[in-house]
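# Notes for the structure review
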Amino acid sequence: MRNIRLSVLVVCFFIPFLCVFGQEAQQYQMLTLAFYNLENLFDTENDPITYDDNRTPDGKDRWTQEIYTDKLAKMAEVIAQIGPEEAQGPPAILGVAEIENLKVLQELSGQEVLRSAHYGIVHYDSPDRRGIDVGLLYNTQVFQVINSKVFELELYDTEREDKRIYTRDQLLVTGNLAGERMHVIVNHWPSRSGGEARTRPRRMAAAALNKKIMDSILSQEPYAKIVSMGDLNDDPKDKSLKKVLKTKARVEAVGLREIYNPMERMAKRGQGTLAYRDSWNLFDQILLSAAWLSKDYETFQFYKAGIFNKRFLQTPEGPYKGYPFRSFANGNYTGGYSDHFPVYIALIRKTD
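## Some thoughts on empty space enclosed by the protein
Per the stated rule, a full pass over the model turns up one cavity of 30 Å³ or more. Estimates place the volume of the largest cavity at around 40 Å³. If you trace the largest cavity, you find it lined by Tyr 124, Ser 126, Asp 133, Val 134, Val 150, Asp 169 and Leu 171. Across the lining of the largest cavity, the residue classes tally to four nonpolar, one polar and two charged.

Set out below in structure tokens:
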């Protein structure tokens, strides 16, 4: 957590009376919360109950210890830098997707560049057929976990109702962020593999589960601070977000039990977190309950959101120049990072 001093010109958009009365600049604390799809962070061991055979030294991908070690270092290098320019140090809370197990998170958080983050881990094995899970890393000096649980997304094939589709759970973690109660949901909704229209009902179901989790919290705590983050495999304008979760693009339009999506305006400007066939998508999103949107800043409140797409994370040349510099392509390890850019939000509150 960093103390920052925002000049009147910077804060006047958020706190107009400072501009009107010309008061001295207020000092704030800033925290970064982020999400990152780590693009198949697998260890090298063959798990007999999941489809991880390719990600082994003798598998199709020739996933050796040397490659795995490099991949860990690359992921840690990115995580250490995620956040706005004003922030210092890794995110206080980081949701992750496409990780194989607890071991890879332990080895990731143990990287030298992340030692200062003092990361604890929340992880559960999900029933996903590929063996990939979601997880949460959190700075134990800033965030204290009260409880956690997972919610299983039960899906069946629309053409064969007896065929179960196994996918990722949704992870809920409740805790105290620098003394303030909050809830984090980490998501990795069903992919578009097989076609966007054919798989759309699966993401609608994932959105419905997400809404059920949030509504359950809000029924007990109407002013609950909830962050729902993840790779949703849908854009902010898609029905799962707009029709099921009923997300709002403007802060002033958000009612007490409604959800703000700061990524919607980014998507309208053509920004994205992954690209395919010369088209950008913004699948990686962070959604916020209304309690984060106050302008008094006596407690942590939403300050801004962003896509962490620094130049080193972009493919440097060729037909995919500017796309996320993925770690695996054309059957080979590229030495890149991920096929997704991370996303983040910054929270601030006044200090004495």
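Now that the structure has been shown, we can carry on.
## What about the packing of aromatic side chains?
Under the counting rule described, the total for this entry stands at 10 aromatic pairs. For the ring pair Trp 63 and Tyr 333, a centre distance of 6.0 Å and an interplane angle of 85 degrees mean the geometry is edge-to-face. Of the two residues, Trp 63 is situated in the loop between strand 2 (27-41) and helix 3 (65-79) and Tyr 333 in strand 18 (residues 332-333); the sequence distance between them amounts to 270 residues. Here Trp 63 falls in the buried class, since its relative accessible area comes to 0%. Their ring planes at 50 degrees and their centres at 5.5 Å tell us that Tyr 320 and Tyr 323 sit as a pair that is tilted. We classify Tyr 323 as buried; its relative accessible area is 11%. Here a set of aromatic residues connected by ring pairs shows up, and it is made of Trp 280, Tyr 320, Tyr 323 and Phe 341. The aromatic ring of Trp 63 is capped on one face by Arg 55, whose charged end is 4.1 Å from the ring centroid.

## Examining the pattern of salt bridges
All chains considered together, the criterion is met by 27 salt bridges. In this structure, Lys 304 engages Glu 86 in a salt bridge whose closest nitrogen and oxygen atoms are separated by 3.3 Å. Placement of Lys 304 in strand 16 (residues 301-307) and of Glu 86 in the loop between helix 3 and strand 3 (93-99) is noted, with a sequence separation of 218 residues between them. The salt bridge involving Arg 250 is made with Glu 252; its shortest N-O contact spans 3.1 Å. Residue class for Arg 250 comes out partly exposed when judged on its relative accessible area of 38%.

Rules used throughout
Residues numbered from 1 in each chain as written. Predicted model: local features only at pLDDT ≥ 70, side-chain atom pairs only at ≥ 80, totals over all residues. Heavy atoms only, no water. 1 Å grid on protein atoms, 1.4 Å probe; cavity = no way out; pocket = protein on both sides within 12 Å on 5 of 7 lines; lining within 4 Å. Points joined across faces, edges and corners; volume = space filled by probe spheres on them. Nonpolar A, V, L, I, M, F, W, Y, C, P; charged D, E, K, R; others polar. Phe/Tyr/Trp six-rings, centres within 6.5 Å; stacked < 30°, edge-to-face > 60°. Helix = DSSP H or I, 4+ residues; strand = E, 2+ residues; numbered from the N terminus. Buried < 20%, exposed > 50% of the residue type's maximum accessible area, 1.4 Å probe, protein only. Lys NZ or Arg CZ within 6 Å of the ring centre and 35° of its normal. Salt bridge = Lys/Arg side-chain N within 4 Å of Asp/Glu carboxyl O.

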